[in-house]
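Structural characterization, general
Single-letter residue listing:
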Amino acid sequence: MLLRRVISHVRNQEWTAIAIDFLIVVLGVFVATQVANWNAALIERELERAYLLRLHEEVSIMITQQETERAETVARAKRLEEVAAYFEAFGTPDAATPEPVSEHCSGVISSHLFAGDITLPPTISELISTGQILLVSNQALRMRIVRFAQAIDEYGQLRHDIQVDRMVLSRKYPDLIRLSPVDRAQSVCDFPAMAQSQAFRNDLLDNERRFKAYAAGVIQGQQGLRQGLHDALDIELEITHVETAP
Ligand SMILES: [Zn+2]
């Protein structure tokens, strides 16, 4: 239809009409390209939102699941600190530090265990490995996601460093620790004898420092990363959570 009209205009040398025909063609191509671009952009935005919603879901679940482990790890670090304080005060006039209990014994026995999860949300792995991370249009959020992955690598390395030549106290000091075959909580520690063994105290202090670094760095650090990412995702996705009573 348009072609027939253009041919007729050329034959009759109607230059104004030809110019208008040309403009119509150019405009048509422009509009078609724009519509295609808008569609592509719309699809990208939908895909971005789907990824971010999935990530939000994963991070929320991880925060809930890991909270118990975080609290337990911090508590274990605290028990070790209390044992060290008890040893320090042992036999001195200000030995007011409470006697260690079975929880402290468990802490001593497991002071070489750094087995908590170091986990990257699967969606972050997918975003980075497929290059889809570029879909995340908020640059600050994109950087936060990339940094999350880097931090997880660093925590893995940190745990590796902490674990190297760690000391299994129950193996080295069987006369001071009697492991229960049933339950670690039923194991027995001879705390007064431990307090009088400088070798044991040195080894425990070494484990305590490692455990503290593990609790604060690997475990608390990860939970902090998750919280930070979750908050950023809430803002980006305009999600609000109803505060639950403490
Ligand atoms: Zn949220």
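Small disclaimer: the values here were computed from a predicted structure and weren't measured.

1. Focus on the overall build of the protein
Each helix and strand counted, the protein has eight helices and two strands in total. Its helices and strands taken in sequence order, the protein reads α-α-α-α-α-α-β-β-α-α from the N to the C terminus. Taken over the C-alpha trace, the protein has a radius of gyration of 32 Å; the compact-globule value for 246 residues is 18 Å, which it surpasses by more than 25%. Principal-axis analysis of the C-alpha atoms places the extent of the protein at approximately 115 × 40 × 35 Å. Across the 246 residues in the protein, those meeting the buried criterion constitute 20%. A separation of at least 24 residues holds for 77% of the contacts in the protein among residues at least 6 apart in sequence.

2. With respect to the nonpolar core
If you look at the biggest cluster of nonpolar residues, it comprises 20 residues, and the most contacted ones within it are Val108 and Tyr214. Looking at this core, the elements that each hand over two or more residues are α2 (15-89), α3 (102-109) and α8 (198-237). Counting residues per element, this core draws most heavily on α8, at seven residues. Aside from chain neighbours lying at most four places away, what touches Val108 is Val83, Leu169, Cys189 and Leu204.

3. Quick notes on the packing of α2 against helix α4 (residues 122-130)
The contact between α2 and α4 brings their axes to 8 Å, and the two run at 145°. Here Tyr51, Arg54, Leu55 and Glu58 of α2 lie close against α4, whose contacting residues are Pro122, Thr123, Ile124 and Leu127. A per-class count over the contact of α2 with α4 returns five nonpolar, one polar and two charged.

4. Some words on the environment of Glu72
Position of Glu72 relative to the elements: it lies in helix α2. On the basis of neighbour count, Glu72 is assigned to the partly exposed category, with 13 C-beta atoms found within 10 Å. Counting along the chain gives 143 residues from Glu72 to Ala215, while the straight-line C-alpha distance between them is 9.5 Å.

5. As for α8
A rise of 1.5 Å per residue sets the reference length of α8, with its 40 residues, at 58 Å; its end C-alpha atoms lie 56 Å apart and thus fit the reference within 8%. Of all bends in α8, the biggest is about 35°, found at Gln220. In the segment just after α8, Glu238 is the residue with positive phi, at about 55°.

6. Looking at α3
Three or more residues of α3 are buried, namely His104, Cys105, Gly107 and Val108. Down the axis of α3, the buried set is contained in an arc of 160°. They therefore lie on one face.

7. Description of the packing of helix α5 (residues 139-163) against α8
Viewed as axis vectors pointing N to C, α5 and α8 meet at an angle of 170°, and their least axial separation amounts to 10 Å. Viewed along their axes, α5 and α8 adopt a mutual orientation that is roughly antiparallel. In this structure, α5 meets α8 at a crossing whose hand is left-handed. Residues Leu141, Arg144, Phe148, Ala151, Tyr155, Leu158, Arg159 and Ile162 of α5 touch α8, and the partners they reach there are Arg210, Ala213, Tyr214, Gly217, Val218, Gly221, Gln222, Leu225, Leu229, Ala232 and Glu236. Of the residues in the contact of α5 with α8, the class split is twelve nonpolar, three polar and four charged.

8. Concerning unusual backbone geometry
A positive phi angle, close to 50°, is found at Gln13, a residue other than glycine. By the element assignment, Gln13 lies in the loop between α1 (2-11) and α2. A count of 8 C-beta atoms within 10 Å places Gln13 in the exposed class. The phi dihedral of Glu238 is positive, around 55°, even though this residue is not glycine. Here Glu238 falls in the exposed class, since 6 other C-beta atoms lie within 10 Å of it.

Cut-offs used in this document
Residues numbered from 1 in each chain as written. Predicted model: local features only at pLDDT ≥ 70, side-chain atom pairs only at ≥ 80, totals over all residues. Helix = DSSP H or I, 4+ residues; strand = E, 2+ residues; numbered from the N terminus. Rg over C-alpha atoms; globule rule 2.2 N^0.38 Å. Buried ≥ 20, exposed ≤ 12 C-beta atoms within 10 Å, placed from the backbone. Contact = placed C-beta atoms within 7 Å. Core = buried A, V, L, I, M, F, W, Y, C linked by C-beta atoms within 7 Å. Axes fitted to C-alpha atoms, helices over the stretch in contact; angles between N-to-C directions. Nonpolar A, V, L, I, M, F, W, Y, C, P; charged D, E, K, R; others polar. Expected span 1.5 Å × (residues − 1). Bend = angle between axes of the 7 residues up to and from the residue. Arc of directions from axis to C-beta. Parallel < 35°, antiparallel > 145°, perpendicular 65-115°, else oblique. Left-handed = near helix turned anticlockwise from the far one by under 90°.

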